[in-house]
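Given next are the chains, with one letter for each unit.
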Amino acid sequence: MAQYVKKDDDLDEEAEYSPFCGIEKGAVLQEARVFNDPQLDSRRCSQVITKLLYLLNQGDTFTKTEATEVFFSVTKLFQARDIGLRRMVYLIIKELSPSSDEVIIVTSSLMKDMNSKTDVYRANAIRVLCRITDGTLLTQIERYLKQAIVDKNPVVASAALVSGIHLLQTNPEIVKRWSNEVQEAVQSRAALVQFHALALLQQIRQNDRLAVSKLVTSLTKGTVRSPLAQCLLIRYTSQVIRESSMNGQTGDRPFYDYLEGCLRHKSEMVIFEAARAITELSGVTSRELTPAITVLQLFLSSSKPVLRFAAVRTLNKVAMTHPMAVTTCNIDMESLISDQNRSIATLAITTLLKTGNESGVDRLMKQITSFMSDIADEFKIVVVDAIRSLCLKFPLKFRTLMNFLSSILREEGGFEYKKAIVDSIVTIITDVPDAKEGGLLHLCEFIEDCEFTYLSTQILHFLGNEGPKTSDPSKYIRYIYNRVILENATVRASAVSTLAKFGAMVDSLKPRIFVLLRRCLYDNDDEVRDRATLYLNTIGGDGSVVETDKDVKGFLFGSLDLPLANLETSLKNYEPSEEPFDISSVSKAIKSQPFAEKKAAAKKPTGLGAPPAGPTSTADTYEKLLLSIPEFSTFGPLFKSSAPVELTESETEYEVNVVKHIFDKHVVFQFNCTNTIPEQLLENVTVVVDASEAEEFEEVATKPLTSLPYGTPGQTFVAFEKPEGVPAVGKFTNVLRFIVKEVDPSTGEAEEEDGVEDEYQLEEFEVVAADYMLKVGVSNFRNAWESLGPDFERVDEYGLGPRESLKEAVSAVINLLGMQPCEGTEVVAANSRSHTCLLSGVYIGNVKVAVRLSFGVDSAKEVAMKLAVRSEDEAVSDAIHELVAN
């Protein structure tokens, strides 16, 4: 319950007080009988309505009977002449949301108020009527609403316009007929009327680009006086500019002069809105940015905190894409570091970190050190992220920045804050090789006093991957073994795994690690003892590796390149037997949507009458389904199942999509079919596939669908043989064939026995090279890249031609290769001129592949790409390059 604080004369003592404290619904409903008194007490009635509104807004619900009784009692208050009470009546009627049969009771009173001489009554009556009315009543009062839109009283006109905005969601056809009146209201001298009229007019025309463009063109000539409406017009202008650039329009940017002219407006909100709009233009140039940056720089020294905050936040966003354009504001932003508003100070610091030069890093870090202790963790996280970016920008300054991160890591702070610092240090260690040894020691010192189990385990995991690669791995052993002695069971188990990694990767440390692991056998936790036993069976007492199986070592000490959900499912399904669990049997396919795909699933009935839900949407489900069909049971393990490809338009008579299942020597097409006609039953449903444009494929089996009733998805299958291990490609033409029978909708039974043969043309689809690539992510791309080695590395450069943006080029190549983006590198910063993308996957034949893509774009939007591929097979590396070249 919300509490209202009432301060006593003694400022040191505060007492909480709420006029609604302890009120109960039953007591308030009893009080509501005051509405029926012959002599109405307006003040008393207003108090009771206030309590009812309070209960409703606190989440209390009234039964149908209670709501009806209150509603009928409230309607009697229309006879009162008190203006304040009448406004409360309007509020409670809106909140009660009466049913259609109850609305009739109050309609006449509201329509009377709508035509009253009292403007306050008119405005509120319009709002209430439009809130509770339906389409039928709306047509009756439409004439009055049109008159209200052009009313001389701005309160009435605004009420009608705002009601129109709400009604547009439920009765758009009626509201669209008001265009002439709304257009007249746009010329109003009243600020709010012009603002609301412009908002409604744009929403009426929003689906017609040409109409919106004409509206913006006419209004940018100077007919808008209201600052609020001017801000709205600037936003609509920005939208038109974005759409024109998306449509490939070249030459001068339309309406830019209007936006620049708004920078000289007398209203500060209009100036800021125009400046922000200019900075957010796609492909904005330095010349276009300059006037906007100038006015934002003036706002930095404003006496109003809201203007300072707005300006520095906008400059912070600009600094991400055009840091040099913001450097002229650095002196002004340095003065904001000491601003009393911590949000402003934080944004100023993070902007300076993005725009500062290398020579100013040391001075800036000194200023930040004193600032950090005065701000909350959420602001500290923003600063830490900016420092990480700065270190990647100026890698030679890693010592200064790493020391700063290390010092704040030892200070007080919450989990998210400490996690942000650790993540930043890890990123710097990964991307700045010279920072590795010092950074790892900082992390080791932190886990000595770390109170967060998750962070301790993550640091130990990272230490196990990076520590053995340093010049002196032995110096980390003390820190790791201390965790075995002093920490909780979860951290101790993680420390045991880290020790084992050092033992497996550093020959000189193996005897020492063996001794330490032997001590762990006496731990009081089962997990710790089990891990120690497992690793001791892998590392011998003399330091030799007992278990030489590559897969076992890779599983224990390498990065796991399997989806954890798939591994978990396989382990649950494993039945103990003489045969050990085979890690290679775990599917590497990422989960996808099978069977009744999203669109079909959304149409299926729900509730008690719904059919049982389909199988779980995992790759394992597909494999079990295909193995259960005798025609496909001999095809071997399933390598990959594609995402569904739609073969029909939405809302057609029959909806069909196809899932491509890839095996080593076969491809199975699963056609998911849905019958959307209630009067029809389809039987003996098949898809006839023409593979004349796929010469390497030969049809070997078909499984028809016996029956396809309305609304229940079903599957039919067609299998093709292809050369073993070869990524064969081709185009397939499809026709859906079936026997259709008329159905009695009331009984659901067929009215005829024989039916009629019919067919339905489907869209074509292709099997492409990406279908033979599994999206398999890696936890550490650098480790995965190095583990593949340079033996089968292939590097070449390609011209991708003119592209709309660098983002579009990156997305196109990712889709072409069908690989999994790593470490968030699929995200391309706006207006970026270069980008690096990291991809990983498994090619058919279980061949691991890693790809580095380096993109660059010139002023003519010509994109060049450098492609580096590493894999376990020379032919696969060549195949990836051949795919891009073609």
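All values derive from a computational prediction rather than experimental measurement.

1. Observations concerning the overall build of the protein
Part 1: When its secondary structure is counted, the protein shows 37 helices and 19 strands.
Part 2: Looking at the protein as a whole, 49% of its 886 residues are labelled buried.
Part 3: Counted over contacts in the protein with a minimum sequence separation of 6, partners at least 24 positions apart contribute 63%.
Part 4: Here the protein displays about 44000 Å² of accessible surface, and carbon together with sulfur accounts for 50% of that area.

2. Description of helix α10 (residues 179-186)
Part 1: Taken together, the buried positions of α10 are Ser 179, Glu 181, Val 182, Ala 185 and Val 186. What you see down the axis of α10 is that its buried residues fit within an arc of 165°, all on one side. In this structure, α10 carries Asn 180 and Glu 184 as exposed residues pointing more than 90 degrees from its buried face.
Part 2: For α10, the secondary structure elements touched by its buried residues are α7 (135-149), α8 (154-167), α9 (172-175), α11 (191-205) and α12 (209-219).

3. A look at the pattern of salt bridges
Part 1: Throughout the structure, instances matching the rule amount to 34 salt bridges.
Part 2: A salt bridge links Asp 151 to Arg 122; its shortest N-O distance comes to 2.3 Å. Of the two residues, Asp 151 sits in the loop between α7 and α8 while Arg 122 sits in helix α6 (residues 119-132), which places them 29 residues apart along the sequence.
Part 3: When the shortest N-O distance is used, the salt bridge between Arg 276 and Glu 273 registers 2.8 Å. Note that Arg 276 and Glu 273 are positioned in helix α15 (residues 268-279) at a spacing of three residues, about one turn of the helix.
Part 4: Taking the relative accessible area as the measure of exposure, Glu 273 reaches 8% and is therefore buried.

4. A short note on the packing of aromatic side chains
Part 1: Considering all chains together, one arrives at 20 aromatic pairs under this definition.
Part 2: Seen in terms of ring centroids, Phe 781 and Trp 785 are 5.9 Å apart; in terms of plane orientation they differ by 25°. Their pairing is stacked. Here Trp 785 and Phe 781 lie together in helix α35 (residues 781-788), a separation of four residues that amounts to about one turn. Across the pair, Trp 785 and Phe 781 agree in class, each one buried.
Part 3: One aromatic cluster is present, built from ring pairs that chain together Phe 669, Phe 671, Phe 697, Phe 720, Phe 732 and Phe 765.
Part 4: Across from the ring centre of Tyr 144, 4.6 Å away, lies the NZ or CZ of Arg 143, which sits over that ring.
Part 5: We note Arg 478 situated over the ring of Tyr 479; from NZ or CZ to the ring centre the distance is 4.3 Å.

5. Describing a negative patch on the surface
Part 1: The grouping of Glu 679, Glu 742, Glu 752, Glu 753 and Asp 754 at the surface amounts to a negative patch.
Part 2: Turning to its location among the elements, Glu 752 is positioned in the loop between β11 (730-742) and β12 (756-761).

6. A short note on the state of the cysteines
Part 1: Per the counting criterion, the structure on display carries zero disulfides.
Part 2: Cys 262 carries a free sulfur, and the closest cysteine sulfur to it, the one in Cys 231, is 8.7 Å from it.
Part 3: You can call Cys 262 buried: its relative accessible area is 3%.
Part 4: Cys 822 supplies the cysteine sulfur nearest to Cys 837, a cysteine that is in no disulfide, at a spacing of 8.2 Å.

7. Details of helix α29 (residues 510-520)
Owing to its 3.6 residues per turn, the α-helix aligns residues three or four sequence positions apart on the same side.
Part 1: Among all positions of α29, only Lys 510, Ile 513, Phe 514, Leu 516, Leu 517 and Cys 520 are buried.
Part 2: In this structure, the buried side of α29 is in contact with α27 (477-486), α28 (489-505) and α30 (526-536).

8. Describing the nonpolar core
Part 1: Within the largest apolar cluster, 183 residues are counted, with the highest numbers of intra-cluster contacts made by Phe 35, Ile 93 and Leu 353.
Part 2: The biggest single contributor to this core is helix α13 (residues 227-246), with eight residues.
Part 3: Not counting residues up to four positions away in its chain, the partners in contact with Leu 353 are Leu 364, Met 365, Ile 368, Val 383, Ala 386, Ile 387 and Leu 390.
Part 4: Judged by nonpolar contacts, the second largest core, of 63 residues, contains Leu 647, Val 658, Met 773 and Cys 837.

9. Looking at the pairing of strand β17 (residues 834-843)
Consecutive residues of a regular strand have side chains that alternate between opposite faces of the sheet.
Part 1: In terms of burial, β17 is largely enclosed, as eight of its ten residues are buried.
Part 2: Across three bridges, the pairing between strand β14 (residues 773-775) and β17 is antiparallel. For Met 773, the partnering residue across the bridge sits in β17 and is Tyr 843.
Part 3: Pairing of strand β16 (residues 820-821) with β17 involves two bridges; the strand directions are antiparallel. From the neighbouring strand, Gln 820 faces β17, where its bridge partner is Ser 840.
Part 4: Pairing analysis gives ten bridges linking β17 to strand β18 (residues 847-857), with the strands arranged antiparallel. By the bridge assignment for β18, Val 842 is matched with Lys 848.
Part 5: Linkage of β17 to β18, two consecutive antiparallel strands, is achieved through a turn of three residues, within which Gly 845 is found at a positive phi near 100°.

10. Things to note about the side chain of Thr 351
Part 1: Relative to the elements of secondary structure, Thr 351 occurs in helix α20 (residues 342-355).
Part 2: Ignoring sequence-local partners within four residues, the contact set of Thr 351 consists of Val 312, Leu 315, Asn 316, Ala 319, Val 326 and Met 333.

11. Quick notes on the packing of helix α24 (residues 415-431) against helix α26 (residues 453-466)
A pair of packed helices is captured by two measures, namely the crossing angle of their axes and the spacing between those axes.
Part 1: Direction vectors running N to C along α24 and α26 enclose 10°, while the axes themselves pass 11 Å from each other. Taken together, the axes of α24 and α26 lie roughly parallel to each other. For the pair α24 and α26, contact is made by Phe 415, Lys 418, Lys 419, Val 422, Val 426, Ile 429 and Thr 430 and by Tyr 454, Leu 455, Ile 459 and Phe 462, respectively.
Part 2: Residues that form the contact of α24 with α26 fall into these classes: eight nonpolar, one polar and two charged.

12. Side note on the side chain of Ser 497
Part 1: Mapped onto the fold, Ser 497 is located in helix α28.
Part 2: Of note is the side chain of Ser 497, whose polar atom sits 2.7 Å from the side chain of Arg 531.
Part 3: Non-local contacts of Ser 497, meaning those with residues more than four positions away in its chain, are made with Arg 531 and Tyr 535.

13. Let's talk about a nonpolar patch on the surface
Part 1: A surface patch of nonpolar side chains, about 250 Å² in accessible area, is lined by Leu 192, Leu 228 and Met 269.
Part 2: Assignment of secondary structure puts Leu 192 in helix α11.

14. What about the confidence of the model for the protein?
Part 1: Confidence along the protein averages 83 in pLDDT terms, with 89% of residues attaining 70 or more.
Part 2: Here residues 1-15 scores under 50 on pLDDT; set against residues more than four positions off or in separate chains, the count is 20 contacts.
Part 3: Here residues 591-617 scores under 50 on pLDDT; set against residues more than four positions off or in separate chains, the count is 44 contacts.

15. Some remarks on unusual backbone geometry
Part 1: Positioned with a positive phi, Asn 684 is a non-glycine residue whose angle comes to about 50°.
Part 2: Taking the relative accessible area as the measure of exposure, Asn 684 reaches 43% and is therefore partly exposed.
Part 3: Look at Asn 846: it is not a glycine, yet its phi comes out positive at around 60°.
Part 4: Examined against the element boundaries, Asn 846 turns out to sit in the loop between β17 and β18.

16. Considerations on the environment of Val 849
Part 1: Following the sequence through the fold, Val 849 ends up in strand β18.
Part 2: Through-space distance from the C-alpha of Val 849 to that of Glu 872 is 7.0 Å; in sequence the pair is 23 residues apart.
Part 3: Not counting residues up to four positions away in its chain, the partners in contact with Val 849 are Met 773, Leu 788, Met 819, Leu 839, Ser 840, Gly 841, Tyr 843, Val 869, Arg 870, Ser 871, Val 876 and Ile 880.

Rules of the game
- Residues numbered from 1 in each chain as written.
- Predicted model: local features only at pLDDT ≥ 70, side-chain atom pairs only at ≥ 80, totals over all residues.
- Heavy atoms only, no water.
- Helix = DSSP H or I, 4+ residues; strand = E, 2+ residues; numbered from the N terminus.
- Buried < 20%, exposed > 50% of the residue type's maximum accessible area, 1.4 Å probe, protein only.
- Contact = heavy atoms within 4.5 Å.
- Areas by Shrake-Rupley, 256 points an atom, 1.4 Å probe, with all protein chains shown as cover.
- Arc of directions from axis to C-beta.
- Salt bridge = Lys/Arg side-chain N within 4 Å of Asp/Glu carboxyl O.
- Phe/Tyr/Trp six-rings, centres within 6.5 Å; stacked < 30°, edge-to-face > 60°.
- Lys NZ or Arg CZ within 6 Å of the ring centre and 35° of its normal.
- Patch = residues over 30% accessible without salt bridge, like charges linked within 9 Å, V, L, I, M, F, W, Y side chains within 5 Å.
- Lys, Arg positive; Asp, Glu negative; His and termini not counted.
- Charge placed at Lys NZ, Arg CZ, Asp CG, Glu CD.
- Disulfide = S-S within 2.5 Å.
- Core = buried A, V, L, I, M, F, W, Y, C linked by side-chain atoms within 4.5 Å.
- Pairing = 2+ DSSP bridges.
- Axes fitted to C-alpha atoms, helices over the stretch in contact; angles between N-to-C directions.
- Parallel < 35°, antiparallel > 145°, perpendicular 65-115°, else oblique.
- Nonpolar A, V, L, I, M, F, W, Y, C, P; charged D, E, K, R; others polar.
- Polar contact = N/O pair within 3.5 Å; in protein donor to acceptor, adjacent residues only side chain to side chain.
- pLDDT = per-residue confidence, 0-100.

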